[in-house]
Amino acid sequence: MEKVIKHLPQNDQACGWINCLEKRIPFPKLVGRQLAQWVVIGGGYTGLAFARRLASLKPDARIIVIDACAIGEGGSARNSGFAMANSSSGEAFDPTKLREYNRINRINHAGIKILREIVERNNIECQWRDVGKLNCGAEDATGNAAGHLIDWLEASNTEYENLSSVELSKRLGTSYYTHGIWTKGDVLLQPAALVRGLSNTLPENVELFDNSPITKISEQNGKLYLECSEGSIITNQLMLATNSYLHAMSANSKHTVPLTLSASLTRPLTKAEQASIGNPDDWGILSLHGMGATIRYTPDHRILIRNTADYNSRYFLNNQQMKLAKSKHLECLRQRFPSLKDVGFDNTWQGVLSVSRNSTSVFSKLSERIYTAGCYNAAGISRGTAFGHALAEYACDGDSDLINDIIQYPKPQWLPPRPILDIAMKSVIWSRKINLGMDG
Ligand SMILES: Cc1cc2nc3c(=O)[nH]c(=O)nc-3n(C[C@H](O)[C@H](O)[C@H](O)COP(=O)(O)OP(=O)(O)OC[C@H]3O[C@@H](n4cnc5c(N)ncnc54)[C@H](O)[C@@H]3O)c2cc1C
């Protein structure tokens, strides 16, 4: 087996969550020839959860986590910071799918439990807030989606509140929304701070390498050989935790597809600005429209807007696309908070996530020596953690309720090759955005 990896990640330096943190000292770059029992490619939630669990099961093994960019500064730092407990299927309630819905939520809860223990044990400062999430809509049509969500929540015995528009406007500081359902269990957090805290608190037998893109993987005489520009690693076993870049290094190329999202974060609002929106507590909104705006009001009084999702087959949005994205973020902010007319964005950035045709994830032993997990649509904080943790146990012949829940996940469905894929993805996204209206 030999795989040359041509498609490599790159990160802009504009992520607001990362730029709010102190600059960190980089982990070393991989140089020279290294030997390790296990290598994890990709230092996001999945790779770090895998490495942490594996290190506790194999305390004598040398485990390397290696990333093309700075560990944890890919999608894991760039997201909106919802650690999802309750998935919203978006579909009308279907009793035949209730078991699957409950199973996915059990996996989400398991991921949150694992993260909570690590955060508490290590005092990781990441603005962890057990405040649930709001599922909101402004267009009349989202009333149907609200009804569907309530049916799922009722059937799964999930604690929720259906808020009137008056209650919503008091809670949010904007009277923009007509529908709002609060769900219990979801956690809001500062994603870059969390993933950095996770990478800084790994067991001693885990070594981290930044800025070392793996460009070739080959297998000879029962060993795996990994190459990057200034070094190489010989290892017994490999975990691919590269999420949107899985396609570049595995057979899963035909089953997952990248989506490029962009987001903007304001400076902290001044006291007068906070008062102008009624001094609300922090909150997080996911849209009841599948392609609608995600918005957060953070504990340090910043506003995050994420309202674009594009299929960009080359992944990275160019300057012109980013300018357009920023103007959409600004429009979204102005519509909801007209009193904040002097507030702009300190940072606008992009990130890539991975989706599958049937909205399912990857958890797999690809060959005798190679494992992989990824593709959580937009729920990778909790689910990526659960998948990484469970995959380490699975690779060590472990058994658990979490593994049993995860292996029942349907496999991602086949996707056609490019350029058919490009055309299909663009038309699917276009059709889903048609009725966005005020929810965009
Ligand atoms: C704007 C945005 C908003 C989102 N909002 C949410 C949200 O609110 N809640 C939520 O749960 N999820 C959200 N997501 C999704 C979430 O960020 C992902 O599901 C999560 O990051 C997946 O974690 P991961 O560890 O699997 O992958 P990643 O975080 O993508 O990590 C993969 C790593 O692999 C590395 N890599 C790739 N190729 C190579 C190579 N050849 N060599 C070495 N390293 C390589 C990359 O540099 C990267 O660091 C959002 C994503 C985006 C972009």
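This structure is a prediction, so every number in the text was calculated from the model and none was measured. Counting from 1, residues in each chain are numbered in the order their sequence is written. Under the rules for a predicted model, residues below a pLDDT of 70 receive no local features and side-chain atom pairs below 80 are neither given nor counted, while totals for whole chains, interfaces and linings still include all residues. To obtain the side-chain values, all non-hydrogen atoms of the structure were included, while hydrogens and water were left out.

The next subject is the site of the ligand. Residues are labelled near a given molecule or strand when at least one of their non-hydrogen atoms is within 4 Å of it. Taken together, 34 residues are adjacent to the ligand, and T46, D67, A68, S76 and F82 come closest. Separating a nitrogen atom of the ligand from a backbone N or O atom of A378 is a distance of 3.2 Å. Where accessible areas are quoted, they stem from the Shrake-Rupley method and a 1.4 Å probe; at the residue level, only the protein chains shown are allowed to cover. When the ligand is considered free in solution it has 1000 Å² of accessible area, and contact with the protein chains removes 98% of it. Secondary structure elements with two or more residues in the shell around the ligand: α2 (45-57), α3 (75-78), β17 (345-355) and α11 (380-395). We call two N or O atoms a polar contact when they sit within 3.5 Å, provided that within protein one can donate a hydrogen and the other can accept it, with sequence-adjacent residues counted only if both atoms are side-chain atoms. Elements are defined by DSSP. Helices are runs of H or I of four residues or more, strands are runs of E of two residues or more, and each kind is numbered from the N terminus.

On to helix α7 (residues 191-200), then. Relative accessibility under 20% of the residue-type maximum defines a buried residue, over 50% an exposed one, and the middle range a partly exposed one, all with a 1.4 Å probe and only protein chains included. Burial analysis of α7 places 9 of its 10 residues in the buried class, which makes it a mostly covered element. Buried within α7 we find P191, A192, A193, L194, V195, R196, G197, L198 and S199. For this analysis, residues touch if any pair of their heavy atoms sits within 4.5 Å. Tucked into the core, α7 has its buried residues touching α1 (16-19), α2, α3, α4 (98-122), β9 (206-209) and α11.

A separate point is the pattern of salt bridges. Counted as salt bridges are all cases of a side-chain nitrogen of Lys or Arg within 4 Å of a carboxyl oxygen of Asp or Glu. If you walk through the whole model with that rule in mind, you get 21 salt bridges. We note a salt bridge from E117 to K113, for which the minimum N-O separation is 3.8 Å. Separated by 4 residues within a single helix, E117 and K113 lie in helix α4, roughly one turn from each other. The exposure class assigned to E117 is partly exposed, which follows from its relative accessible area of 41%. Assessed through its relative accessible area of 53%, K113 is described here as exposed. The residue K133 makes a salt bridge to D186 at a minimum N-O spacing of 3.4 Å.

Leaving glycine out, the prevailing phi sign among residues is negative, and the prevailing peptide bond configuration is trans. For the bond from R418 to P419, the omega torsion is 5°, close enough to zero to count as cis. Within the fold, P419 resides in the loop between α12 (401-407) and α13 (420-433). Of note in this structure, N221 is not a glycine but carries a positive phi near 45°. Examined against the element boundaries, N221 turns out to sit in the loop between β10 (216-220) and β11 (223-228).

Let's shift gears to the packing of aromatic side chains. Both the distance between ring centres and the angle between the ring planes are used here to describe each pair of aromatic rings. Whether two aromatic rings pair depends on their centres lying within 6.5 Å, for rings of Phe, Tyr and Trp, where Trp uses its six-membered ring; planes under 30 degrees apart make the pair stacked, over 60 edge-to-face, and the rest tilted. The final tally for this structure, using the stated rule, is 12 aromatic pairs. Each ring, one from W283 and one from F337, has its centre 6.4 Å from the other, and the planes form 15°; the classification is stacked. Of the two residues, W283 is situated in strand β14 (residues 283-287) and F337 in the loop between α10 (319-336) and β17; the sequence distance between them amounts to 54 residues. Exposure class is identical for W283 and F337. Each is buried. Judged by centre distance (5.5 Å) and plane angle (80°), the rings of F387 and Y409 are edge-to-face. Within this pair, whereas F387 is found in helix α11, its partner Y409 is found in the loop between α12 and α13, the two being separated by 22 residues in sequence. Each member of the pair, F387 together with Y409, is buried. In textbook terms, an aromatic cluster arises when at least three aromatic residues are bridged by ring pairs, as seen for F363, Y376, F387, Y394 and Y409.

Just distances and angles here, no functional claims.
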